[in-house]
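# Reading the structure
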Amino acid sequence: MNEQTLFVVQRISAAILAPMVLVHLGLILIAVEGGLSAEEILSRTRDNVGWTLFYGLFVVSAAIHAPIGIRNILREWTRLGWKAIDGLAMLVCVILLVLGMSAVIAVF
Amino acid sequence: MEKENSLRVRVWRGSESGYWTEYAVVARDNQTVLDVVTEIQRKHEPSLAYRFACRVGVCGSCAMTVNGQPRWTCRTHVKKVAHDGQLAIEPLRNLPHIKDLVCDLEPFIDTWQRAGAIFQGQSTRSDPPQKVDPGSKPRKQADSALQCINCAVCYSACDVVHWNRRYLGPAALNRVWTLLNDERHSEQEETFNKAFSRDGCSSCHSHGNCTRFCPVELSPASSIAGLKKMAFSGPQARLAHE
Ligand code: SF4
Ligand code: SF4
Ligand code: FES
């Protein structure tokens, strides 16, 4: 991916994430009212396609958005070359995808 | 009484490693920082190295760091920048230091080449001059970015350049913005791609130090913001639309 594409993709993922983060925070506030147990969470999320899609998109956007930012930070704050930087950014992307998606699948 | 009428001026001597030397210079009503440096060189320190040419803010060769901030010294009044009659004068940041107040500008000039900030026309001398509508949007946008004097003040002010010396920097990208708004420039695509290369315009943090310090009041930060917007449209699209 060239810099232009990365720039555009990072802006678009930010635009997707911004409202989603608000919904996510709101959800946390509402969900924890009156205590929170594993069963409670699962009863809400099991077989709920809407929330699964929501959090699926959330994870994908975050896994795209964050590594591009980390890539920039590594370029500015370390002496690593582009190969190492791109490798690390890819690694962060994969880790976020795996961790995020396994969480989404676990509660579905 | 004597104290009140003199400035305490610390000047950097040496290159990357060096030392400060302090001089007492007569304070005058109308005095630029370049006047002070010249007085030191003429009266106290004949071996002091510094650059200047026009002394009227045209050539862009006299930039130095004055009390921690980049300035064109020939147009900077001492009164505006001195703290309690004190000045600290050192070479520009972000460039290799050759001797005393003189920097090696090669990395700065190099950014212009790497950014594709070089006009390329199509017409020959037998063609009539190409007309540019002065009222068109691209022309107006280029307008606010013209008249750069290549002083490297913005390059020195930019923190991203400080962190990453490969970053193309504000001056070259500002020039690129004028070219991408210039319908006579034929290498739109090439220039656009160079501006969007690694360490190109997308590395800018938009924090605006370049704009704050540009002595001729250009806004490289706005030019770069314009370039970033082009990421969504590509280079020619903008000229074709307007
Ligand atoms: S706005 Fe961009 S180019 Fe200007 S000083 Fe900040 S990072 Fe550098
Ligand atoms: S943009 Fe302004 S500060 Fe930067 S080199 Fe040109 S004149 Fe100097
Ligand atoms: S000496 Fe020419 S701009 Fe200052």
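If you're wondering where the values come from, they're calculated on a predicted model, not measured in any experiment.

## Examining the overall build of chain A
- When helices and strands are tallied, chain A shows 4 helices and 0 strands.
- In sequence order, the secondary structure elements of chain A are arranged as α-α-α-α.
- Here the C-alpha coordinates of chain A stretch approximately 50 × 25 × 20 Å along the principal axes.
- Within chain A, the fraction of its 108 residues that count as buried is 28%.
- Contacts spanning at least 24 positions in sequence make up 80% of the contacts within chain A whose residues lie at least 6 apart.
- With the model as given, the accessible surface of chain A reaches about 6,700 Å², and the carbon-plus-sulfur share is 76%.

## A word on the site of ligand 1
All names here are of chain B.
- For ligand 1, the set of nearby residues contains 13 residues, the closest of which are Cys158, Cys204, His207, Gly208 and Cys210.
- Of all the elements in the fold, those that place two or more residues in the shell around ligand 1 are helix 9 (209-213) and helix 10 (220-233).
- Grouping the constituent residues of the shell around ligand 1 by class yields 8 nonpolar, 5 polar and no charged.

## As for helix 1 (residues 3-31) of chain A
- Relative to the 42 Å expected for 29 residues at 1.5 Å per residue, helix 1 of chain A spans 40 Å between its end C-alpha atoms, a close match to the ideal helical length.
- Among all positions of helix 1 of chain A, only A:Glu3, A:Gln4, A:Leu6, A:Phe7, A:Val8, A:Gln10, A:Ser13, A:Leu17, A:Met20 and A:Ala31 are buried.
- Check the buried side of helix 1 of chain A and you find it contacts helix 2 (38-45) and helix 3 (49-77) of chain A together with helix 8 (188-195) and helix 10 of chain B.

## Regarding the confidence of the model for chain B
- Per-residue confidence for chain B gives a mean pLDDT of 94, with 96% of residues at or over 70.
- Across the whole predicted complex the pTM is 0.91, and at the interface the ipTM reaches 0.84.

## Here we look at the side chain of A:Arg71
- Assignment of secondary structure puts A:Arg71 in helix 3.
- One polar contact links A:Arg71 to A:Asp86, side chain to side chain, over a distance of 2.7 Å.
- Not counting chain neighbours up to four residues away, the residues in contact with A:Arg71 comprise A:Glu3, A:Leu6, A:Trp82, A:Ile85, A:Asp86, A:Ala89 and B:Arg198.

## Quick notes on the packing of helix 7 (residues 170-180) of chain B against helix 8 of chain B
All names here are of chain B.
- Helix 8 packs onto helix 7 with a crossing angle of 155° between their chain directions and a minimal axis gap of 10 Å. Judged by the inter-axis angle, helix 7 sits roughly antiparallel to helix 8. Viewed along their axes, helix 7 and helix 8 form a crossing whose handedness is left-handed. Across from Leu173, Val176, Leu179 and Leu180 in helix 7, the residues of helix 8 making contact are Gln188, Thr191, Phe192 and Ala195.
- Taken together, the residues that form the contact of helix 7 with helix 8 break down as 6 nonpolar, 2 polar and no charged.

## Observations regarding the interface of chain A and chain B
- Taken together, the contacts link 11 residues of chain A with 16 residues of chain B.
- Summed over the three residues of chain A that lose the most area to chain B, namely A:Gln4, A:Phe7 and A:Glu76, the buried surface amounts to 46% of that side.
- In this assembly, chain A and chain B are joined by 3 salt bridges.
- Applying the counting rule to chain A against chain B returns 4 residue pairs in polar contact (both at pLDDT 80 or more).
- Elements supplying a minimum of two residues to the side of chain A that touches chain B: helix 1, helix 3 and helix 4 (82-107) of chain A.

## Some thoughts on the domain arrangement of chain B
Residue and element names in this part refer to chain B.
- Domain annotation for chain B reports domain 1 (6-103) and domain 2 (106-241).
- Each of domain 1 and domain 2 has a C-alpha centre, and the two are 30 Å apart.
- Contacts between the two partners involve 14 residues from domain 1, matched on the other side by 19 residues from domain 2.
- Between domain 1 and domain 2 lies a buried interface of about 1,300 Å² when both sides are counted; carbon and sulfur atoms form 60% of it.
- Our enumeration of links across domain 1 and domain 2 arrives at 1 salt bridge.
- With a shortest N-O distance of 2.9 Å, Asp159 and Arg93 are connected by a salt bridge.

## Focus: the packing of helix 1 of chain A against helix 10 of chain B
- For the pair helix 1 of chain A and helix 10 of chain B, interaxial distance at closest approach is 9 Å and the crossing angle is 90°. The angle between helix 1 of chain A and helix 10 of chain B falls in the class roughly perpendicular. On helix 10 of chain B, the residues touching A:Gln4, A:Phe7, A:Val8 and A:Arg11 of helix 1 of chain A are B:Lys228, B:Met230, B:Ala231 and B:Phe232.
- Of the residues contributing to the contact of helix 1 of chain A with helix 10 of chain B, the split by class is 5 nonpolar, 1 polar and 2 charged.

## Quick look at the pattern of salt bridges
- All told, the structure shown has 15 salt bridges over all chains when counted by the stated rule.
- Measuring nitrogen to oxygen at the nearest pair gives 2.7 Å for the salt bridge that ties A:Arg71 to A:Glu3. Of the two residues, A:Arg71 sits in helix 3 while A:Glu3 sits in helix 1, which places them 68 residues apart along the sequence.
- On the accessibility criterion, A:Glu3 (8% relative accessible area) is buried.
- Measuring nitrogen to oxygen at the nearest pair gives 3.4 Å for the salt bridge that ties B:Arg114 to B:Asp110.

So, how was this worked out
Residues numbered from 1 in each chain as written. Chains lettered and ligands numbered in written order. Predicted model: local features only at pLDDT ≥ 70, side-chain atom pairs only at ≥ 80, totals over all residues. Heavy atoms only, no water. Helix = DSSP H or I, 4+ residues; strand = E, 2+ residues; numbered from the N terminus. Buried < 20%, exposed > 50% of the residue type's maximum accessible area, 1.4 Å probe, protein only. Contact = heavy atoms within 4.5 Å. Areas by Shrake-Rupley, 256 points an atom, 1.4 Å probe, with all protein chains shown as cover. Near = heavy atom within 4 Å. Nonpolar A, V, L, I, M, F, W, Y, C, P; charged D, E, K, R; others polar. Expected span 1.5 Å × (residues − 1). pLDDT = per-residue confidence, 0-100. Polar contact = N/O pair within 3.5 Å; in protein donor to acceptor, adjacent residues only side chain to side chain. Axes fitted to C-alpha atoms, helices over the stretch in contact; angles between N-to-C directions. Parallel < 35°, antiparallel > 145°, perpendicular 65-115°, else oblique. Left-handed = near helix turned anticlockwise from the far one by under 90°. Buried area = accessible area lost by both parts, 1.4 Å probe. Salt bridge = Lys/Arg side-chain N within 4 Å of Asp/Glu carboxyl O. Domains from an automatic or database assignment.

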